[in-house]
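Structural features, examined
Each chain, written out:
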Amino acid sequence: MAEARAAAVVAWLAERGWTPFPFQRETWALMRARRAGLLHATTGTGKTLAAALGAWLAYGDDGARRPLIRPADAGHLPPEGEGVASPAGVAPLPQGEGGGQRPPGEGSAAQTNIVATASHALALLWITPMRALAADTERALREAFAGVAARDPSGAPAWTVGARTGDTSAAERARQARSPPSALVTTPESLALMLSRPDARETFAGLRCVVVDEWHELIGNKRGVLTQLGLARLRGLRPGLPTWGLSATLGNLGEALRALLGPQAAGQGALVEARIDKPLIVDTLLPRAPGRFPWAGHLGAAMAAAVVAEIEAARTTLVFTNVRSQAELWYQSLLKLRPDWAGAIALHHGSLARETRDWVEQGLKAGTLKAVVCTSSLDLGVDFLPVERVLQVGSPKGVARLLQRAGRSGHAPGRVSRVTIVPSHALELIEAAAVRAAIRDGRIESRKSPDAPLDVLAQHCVTVALGGGFVPEDLLVEVRTTAAYAALSDEAWRWCLDFVSKGGPTLKAYPGFRRVVPGADGVWRVVDRDIAHRHRLNIGAIVSDAAVVVQYGPAPRGAKLGSVEEGFVARMRAGQRFWFGGRILEFVRLEAGTAFVKAAKGGGTTPAWAGGRMPLSTTLADAMVEAFARAAKGDYDSPELAAARPMLEVQAKWSALPTPSTLLAETLTSREGWRLFVYPFAGRDIHLGLASLVAWRAARAEPGTFSLSVNDYGFEILSGSSRDWAALLPDCLAPAPDLAALTAEVVESLNAGELARRRFRDIAHIAGLVVAGYPGQRKSAKTMQASSGLFYDVFRKYDPDNGLLRQAEREALDDELDVKRLMTTLDAMAARRLDLRPLERATPLAFPLMVERFREQLSNETLTARIERMLGDLNAAADA
Amino acid sequence: MKRGALDIRLAPDGAALTLLTERAVWSEPTRALFVADLHLGKAAAFRAAGAPAPYGASEETLGRLGALADGFGAERLIVLGDFVHAALTDGLAESLRAWRRARAALDCLVVIGNHDRRAGRLYADCGFAPIDDPTLVDGVACRHVPLEADALDPGPPTLAGHVHPVARISGRGRDSLRLPCFVIDGRQIVLPAFGEFTGGWLVRPEEGRRIVLVAPDRLIEWPGSAAPSRA
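Just so it is clear, the model here is predicted, and its values are computed rather than measured.

Across its full length, chain A carries 32 helices and 28 strands. When contacts within chain A are restricted to residue pairs at least 6 apart in sequence, long-range pairs at least 24 apart make up 75% of them.

Written out as structure tokens, the structure reads:
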């Protein structure tokens, strides 16, 4: 039986010209042995089939829909475990998912008696991080299960496949409830939603295996924590349920496995490496005239022309950018140079309408597109075989990220993966040199699971309370099986229970508040239907920016093109033009969350989408310091460093180059105020902590208001009032005596800034303080943002010990301002000689910080003092 | 005139209305105090909906209102709508009655705003007289929802609320602050929200519009309209 099935798998693969990879055979053997594990690979294919077919090999009997005969016909039940070959001429079940499924039975007479065994059909749950991927995964699984079933001599019906995401229609959900598929593709949010249903236990009663796809995308964030809690719940419902993760290679695979299986079970988990020897080329597109390479602007036509040449030379090229607005700009530049490419090149990013993205993805699969300019929206997902080349415009940001993008090319057998970095300013040449060195040395980033976030836990408690209810002691045990909450304190758990049942700690309970209600039987449930409804609307751990739909109209209403941020539209006036999805649109008006537009000609602005600003990984930042150090010694050992040489020489002439033994700082006084630049090259998160700390120390010497900007190389502090940075700096950069003293200082600086307040926005949303949409009441996301700020203020004033406030502070301290690393960075900086240079104009290193638009503010002045100064500035401007 | 107050004449021959840093308007001739958008009970409404908002904001707001009315020796209080946020809870109704008992001589009128509709008849029980939006009181049109720009002329001086106006002031070092403000368009003054737990609508400067920012200790004419007020 099992051997016949294994033969069917091999036969099906052979028909497609494939032989199983050793890692696939290894995974199948482990899955058939009921083991759990993590399958990882740097690039390449075959992970999906390894897990999907492994599950089928191990649990094929369970997932196949077996007939349930009405009691009167019970005698006709086929023997356990033996499928019966379907007779010819039997029509598929009307609810069938297609894909070769046939109802087993003993002839047409039995047919009317066949009812799906609803409680036992769902055998495999497949969790994917992006709902856009669900349809592709569904298709791939269906094809595989149909293929192997057709070659399975036992004649057992094929596994059916369904998808359950935010896109799934109510009709389809109802169909799945009546007749569950054998395998269900879903997202972490939809899993939480299913767990919040009263019938959660029945839904998963026959579940045999869970696969988490793209685990590396989830592990480091709160969606991953939501997944960990969901997995723990599933294991609670189905003890011993094996979990498999599919992941790109990470620097800390052991930790990734631990987060997937939970610390107790991780010891028995297997790590399987999908080793496919696939040649990988990483290179850099160098400007033709290196001496004239801009260090202060962006791209420049020279690079666009070079990119056109590269695209021309390959069959299909993916051009990755880091942010959506950059993708829009690049698409325009390419079309400007090659108008004849209209229709042959396309644009793909997360704010475009689903239909547009589908069209682009189809074109990529069919090989009808020459190039697609895209963002991380195409990082994941099915392979586009025709893609030969990948171009990365701007900073690669991380080693693993670049490898992932490289893996999108050269998928056909025997082909090479090639990624080419296209620097958009001269400092990125140094990043390119650094990332190549890191790949050569096999240095790849680690990703850590967040530590016990209370907002996600509070949400989970309400979810479980809805999904049949919970007994606190049991749920605590279950929650502690996850890596994220293994060390959850009794106190934090107590707080969480208080929060969902009384709205706050026992001493200050809110009588009007009743989200989760402890029952007389000891089971905690949600009894209010409105609260249940609102919770389900609000499930998830992503807080998206307020978005407005872009649509042709208003009369007649045309196609929906995608979405832009509310803030962008708010600044628009009727008649203004902007680029979107590669076309010029004219803004007509905003109406109930929809921005109506019409087609236009000419030029326009490009919307900026916030978010998606990814920090340079510390692995890459370290490699970059090394590259700088080589250049500082005159060792321009790579084409990239050689190309950056003119910029480096300007930096040396106007100021100095950073070296391992010095700490470079620069000061510049301009009309806007008194500026300080420091370059520790410690990554933007640490720089944010350092900038806050230095500004706070300067503010303690004399009250003030500061504007801070950071990037991956250093930070800038801008003061609106006069500061003698040269005199202040030694004290401001002094190491702290110990961690406690430093933490206290950082907390003080945090209270003077806006970091914790911004952190609170997401926390308030996830914990259910503010809701994106109230039933029967359109409440724009903008209102929600304002409300979370208000909540922050009223909590600070009236309930300063609130656990969520403390979480906001802790998240800011741990995630954004890693105090331990801050301490070691301060020590390391103290060991270097301070090289302070007064500037006459901004240097190549200073310029990007100076023009940075996203800035932090820190102030310990009174409102009155700040208003006085602003009025003084205004009066001075009026007198001038 | 005390520091942090600004006299506005909405009609050349009309009486002065005094804007206050307390986010209220005082009419000396009629000894009337105007406030808008207190949104009392908002936190309780959130709690009832399952969002644990803390206690204290409504009591604080009511306390400030009492102190202000007492300090001026006001004879009449006119709330320009959204006195409460949602249907009155027993606790809030009791607070309102107590507040009223302490000021038996004060005449209290409430323009029924969009949020007040849910409070229903309870206002009368608590000693606050509901009035329509708009109602002319001593020659001043009291509204909740402000008049649109094209409806501004002609008519009596008008006070309104509803939109919770705020404006932004900025200076060197990329410093900027959001402050509540009064917006004066022709014969109409829109008041900032008096409540604690309220958001804001960012007002933009327009031709002929005066914006008066509310700082903790003073009122500031938004640059361009006139010089800052000093006592």
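A few words now on unusual backbone geometry. Residue and element names in this part refer to chain A. In the segment running from glycine 553 into proline 554, the intervening peptide bond is cis, with an omega of 5 degrees. Within the fold, proline 554 resides in the loop between strand E18 (547-552) and strand E19 (560-565). With an omega of -5 degrees, the peptide bond running from alanine 555 to proline 556 counts as cis. Note on placement: proline 556 falls in the loop between E18 and E19.

Turning our eyes to something else, we now look at the side chain of Arg5(A). Residues and elements named next belong to chain A. Along the polypeptide, arginine 5 turns up in helix H1 (residues 2-15). By relative accessible area, arginine 5 is classed as buried at 4%. Arginine 5 has contacts with Trp56, Leu57, Gly60, Asp61 and Asp152, leaving out every residue within four places of it along the chain.

What follows covers the sheet that holds strand E6 (residues 107-111) of chain B. Pairing between sheet strands relies on hydrogen bonds along the backbone, with the strands arranged either parallel or antiparallel. Residue and element names in this part refer to chain B. Strands sit in the order E1-E2-E3-E4-E5-E6-E7 across an open sheet of seven strands; the sheet is mixed. Either end of the sheet is taken by a strand with one partner, and the two such strands are strand E1 (5-8) and strand E7 (129-131). Recorded for the sheet is a direction-independent mean angle of 25 degrees between the axes of neighbouring strands. Pairing between strand E2 (residues 17-20) and strand E3 (residues 24-27): three bridges, direction antiparallel. The partner of leucine 20 across the bridge, within E3, is alanine 24. Across the sheet, helix H2 (residues 57-72) touches E2, E3, strand E4 (32-35) and strand E5 (76-79), and the angle it forms with E4 is around 155 degrees.

Per the counting criterion, the structure on display carries nine aromatic pairs over all chains. By the ring-pair criterion, three or more aromatic residues cluster together here, those being Phe628(A), Phe681(A) and Tyr713(A). One cation-aromatic arrangement involves Arg100(B) over Phe128(B); the distance from NZ or CZ to the ring centre is 5.8 Å. Its guanidinium or amino end placed over the ring of Trp99(B), Arg103(B) lies 4.5 Å from that ring's centre, counting from NZ or CZ.

Moving on, we come to the interface of chain B and chain A. The interface is formed by 36 residues belonging to chain B together with 44 residues belonging to chain A. Of the roughly 3600 Å² buried between chain B and chain A on both sides combined, carbon and sulfur atoms contribute 62%. Counting the contacts that link chain B with chain A gives four salt bridges. Between Asp175(B) and Arg866(A) there is a salt bridge; the shortest N-O distance is 2.7 Å. One can count eight residue pairs in polar contact (both at pLDDT 80 or more) joining chain B with chain A. Elements with a contribution of two residues or more to the side of chain B that touches chain A: helix H1 (42-48), H2, strand E11 (165-171), strand E12 (175-185) and strand E16 (218-221) of chain B. Tallied by class, the residues present in the side of chain B that touches chain A amount to 17 nonpolar, eight polar and eleven charged.

Cut-offs and rules
The residue count restarts for each chain, going from 1 along the sequence in the order it is written. A letter from A marks each chain and a number from 1 marks each ligand, given out in the order of writing. Side-chain atom pairs in this predicted model are given and counted only at pLDDT of 80 or more, local residue features only at pLDDT of at least 70, and totals for whole chains, interfaces and linings cover all residues. Remark: hydrogens and water are excluded; side-chain values derive from all non-hydrogen atoms of the structure. Labels follow the DSSP assignment, with helices taken as runs of H or I lasting at least four residues and strands as runs of E lasting at least two, numbered in each case from the N terminus. The contact rule is simple, with two residues in contact once any of their heavy atoms fall within 4.5 Å. Type-normalised accessible area, obtained with a 1.4 Å probe on protein chains alone, sets the label of each residue: buried when under 20%, exposed when over 50%, and partly exposed for intermediate values. Note on pairing: DSSP must find at least two bridges between two strands before they are called paired. In this analysis, axes come from line fits to C-alpha atoms, helices being fitted only over the stretch in contact, and the angle between any two N-to-C directions falls in the range 0 to 180 degrees. Pairing of aromatic side chains here covers Phe, Tyr and the six-membered ring of Trp, requires ring centres within 6.5 Å, and sorts the geometry by plane angle: under 30 degrees stacked, over 60 edge-to-face, intermediate tilted. Two conditions define a charge sitting above a ring: the NZ of Lys or the CZ of Arg must be within 6 Å of the ring centre, and it must be within 35 degrees of the ring normal. Here the quantity called buried area is the total loss of accessible area, with a 1.4 Å probe, experienced by two parts when brought into contact, counted for both. In what follows, salt bridge is the name for a side-chain nitrogen of Lys or Arg lying within 4 Å of a carboxyl oxygen of Asp or Glu. Pairs of N or O atoms are called polar contacts if they sit within 3.5 Å, as long as, within protein, a hydrogen donor faces a hydrogen acceptor (for residues adjacent in sequence, only side-chain-to-side-chain pairs). Ten residue types, Ala, Val, Leu, Ile, Met, Phe, Trp, Tyr, Cys and Pro, are classed as nonpolar, four, Asp, Glu, Lys and Arg, as charged, and the remainder, Gly among them, as polar.

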